Amino acid sequence: MKLSAPGRITLRVLALGYLFVLLVLPLGIILYRAFGQGIGAFIDQISTPAAISAFNLSMIILVIVVPVNVILGVVIALALVRGEFPGRRLLQGIVDLPFAVSPVVVGVALIMLWGVDGWFGAVTDSGFRVIFALPGMVLATIFVTMPFVVREVEPVLHEIGDDQEQAAATLGASRWQTFWRITVPAIRWGLTYGVVLTVARALGEFGAVIMVSSGFPGVSQTLTLLVHERYINDHNDFGAYCAATLLMGLALITLLLMTLLERKRQAS
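These lines cover the structure that appears in this document, whether it is placed above or below. Owing to the predicted nature of the structure, the values given are computational and were not obtained by experimental measurement.

Regarding the overall build of the protein
Turning to step 1, where the next piece is worked out: Across its full length, the protein holds 13 helices and zero strands.
Turning to step 2, where the next piece is worked out: Its helices and strands taken in sequence order, the protein reads α-α-α-α-α-α-α-α-α-α-α-α-α from the N to the C terminus.
Turning to step 3, where the next piece is worked out: Once the C-alpha set of the protein is aligned to its principal axes, its extents read approximately 70 × 65 × 35 Å.
Turning to step 4, where the next piece is worked out: When the 268 residues of the protein are sorted by exposure, 35% land in the buried category.
Turning to step 5, where the next piece is worked out: Relative to all contacts within the protein whose residues are 6 or more apart in sequence, the contacts with residues 24 or more apart total 73%.
Turning to step 6, where the next piece is worked out: Looking at the protein as shown, the accessible area adds up to about 15,700 Å², and 70% of this sits on carbon and sulfur atoms.
Turning to step 7, where the next piece is worked out: One finds the centroid of the 17 positive side-chain charges in the protein at a distance of 11 Å from the centroid of its 16 negative side-chain charges.

A word on the packing of aromatic side chains
Turning to step 1, where the next piece is worked out: Inspection of the entire model under this criterion finds seven aromatic pairs.
Turning to step 2, where the next piece is worked out: Relative to F148, the ring of F99 lies with its centre 5.7 Å away and its plane at 75 degrees, an arrangement referred to as edge-to-face. Linking F99 in helix α5 (residues 97–100) with F148 in helix α8 (residues 134–160), this pair joins segments that are 49 residues apart in sequence.
Turning to step 3, where the next piece is worked out: F148 sits in the buried class, given a relative accessible area of 15%.
Turning to step 4, where the next piece is worked out: When the ring of W176 is compared with that of W180, the centres are 5.7 Å apart and the planes differ by 75 degrees; the resulting orientation is edge-to-face. With W176 and W180 both in helix α10 (residues 175–204), this residue pair falls four residues apart, about one helical turn.
Turning to step 5, where the next piece is worked out: These aromatic residues form a ring-pair network of at least three members: W176, F179 and W180.

Describing empty space enclosed by the protein
Turning to step 1, where the next piece is worked out: Summed over all chains, the structure comprises one cavity of 30 Å³ or more.
Turning to step 2, where the next piece is worked out: What the largest cavity holds in volume is close to 80 Å³.
Turning to step 3, where the next piece is worked out: Forming the boundary of the largest cavity are S58, I61, T141, A202, L203, E205, V209, T222, L223 and T224.
Turning to step 4, where the next piece is worked out: Partitioned by chemical class, the residues of the lining of the largest cavity number five nonpolar, four polar and one charged.

What counts, and where the lines are drawn
- Residues numbered from 1 in each chain as written.
- Predicted model: local features only at pLDDT ≥ 70, side-chain atom pairs only at ≥ 80, totals over all residues.
- Heavy atoms only, no water.
- Helix = DSSP H or I, 4+ residues; strand = E, 2+ residues; numbered from the N terminus.
- Buried < 20%, exposed > 50% of the residue type's maximum accessible area, 1.4 Å probe, protein only.
- Contact = heavy atoms within 4.5 Å.
- Areas by Shrake-Rupley, 256 points an atom, 1.4 Å probe, with all protein chains shown as cover.
- Lys, Arg positive; Asp, Glu negative; His and termini not counted.
- Charge placed at Lys NZ, Arg CZ, Asp CG, Glu CD.
- Phe/Tyr/Trp six-rings, centres within 6.5 Å; stacked < 30°, edge-to-face > 60°.
- 1 Å grid on protein atoms, 1.4 Å probe; cavity = no way out; pocket = protein on both sides within 12 Å on 5 of 7 lines; lining within 4 Å.
- Points joined across faces, edges and corners; volume = space filled by probe spheres on them.
- Nonpolar A, V, L, I, M, F, W, Y, C, P; charged D, E, K, R; others polar.

This is the structure we're talking about:
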């Protein structure tokens with residue numbers, strides 16, 4: 001369908017207006033409120049012991065979640081593309097489950113499994129605490145971020161096929177050599193995008209994490225929980241805007257990284 005010049009202009013104005021109202025304006029207000037009292041006050045709010053602890057905990061969760069998702073994501077993608085086994089379609093559906101299930105439901109399910117009265121409550125009785133501690137927060141984040149690596153790597157595996165892998169095996173390469181020298185280089189861009197999306201999702205996760213976290217500052221409070229704590233419980237609006245701006249900055253860095261990777265991929 002070919003639109004007239006006025007029609008194209010109208011659609012562009014509507015699209016830009018929609019993006020401005022839903023994205024640019026709210027983010028602009030947060031930035032204005034965060035720096036309204038000066039950069040010094042902003043730095044003071046993001047350098048408090050609670051803020052530093054929340055940032056460190058968010059990074060610790062990332063350091064654990066990303067490698068786990070990379071390993072499991074590649075294994076699951078290879079199984080779905082290269083393997084033929086009973087329950088393959090069921091596994092396809094399970095991979096997409098985090099997209100359909102509310103993160104709050106995920107948190108409740110983890111409490112039912114790992115809580116004191118849960119199926120695996122004996123683990124807590126033995127002294128290893130899962131719920132309201134770091135392990136529970138890691139499990140919740142792994143669940144909600146699990147599909148990204150799988151769904152980015154899977155289409156790449158379909159596209160490259162297995163001809164090169166079969167050729168390498170014919171020439172005497174072991175499966176491990178074939179994987180590292182043939183498969184990994186071929187899927188590196190899909191894997192990289194999956195990692196970047198995992199980082200972005202993990203940094204912004206709130207619903208599942210708040211259910212399995214005690215929320216105590218310096219103990220089990222991530223950056224998202226810090227924003228919630230300051231805004232809702234402490235009524236520290238300015239501190240909440242500053243913490244939200246810090247989160248926004250991390251998201252922008254992630255977005256910039258994705259843009260640079262896309263340019264590099266197109267240039268290669």
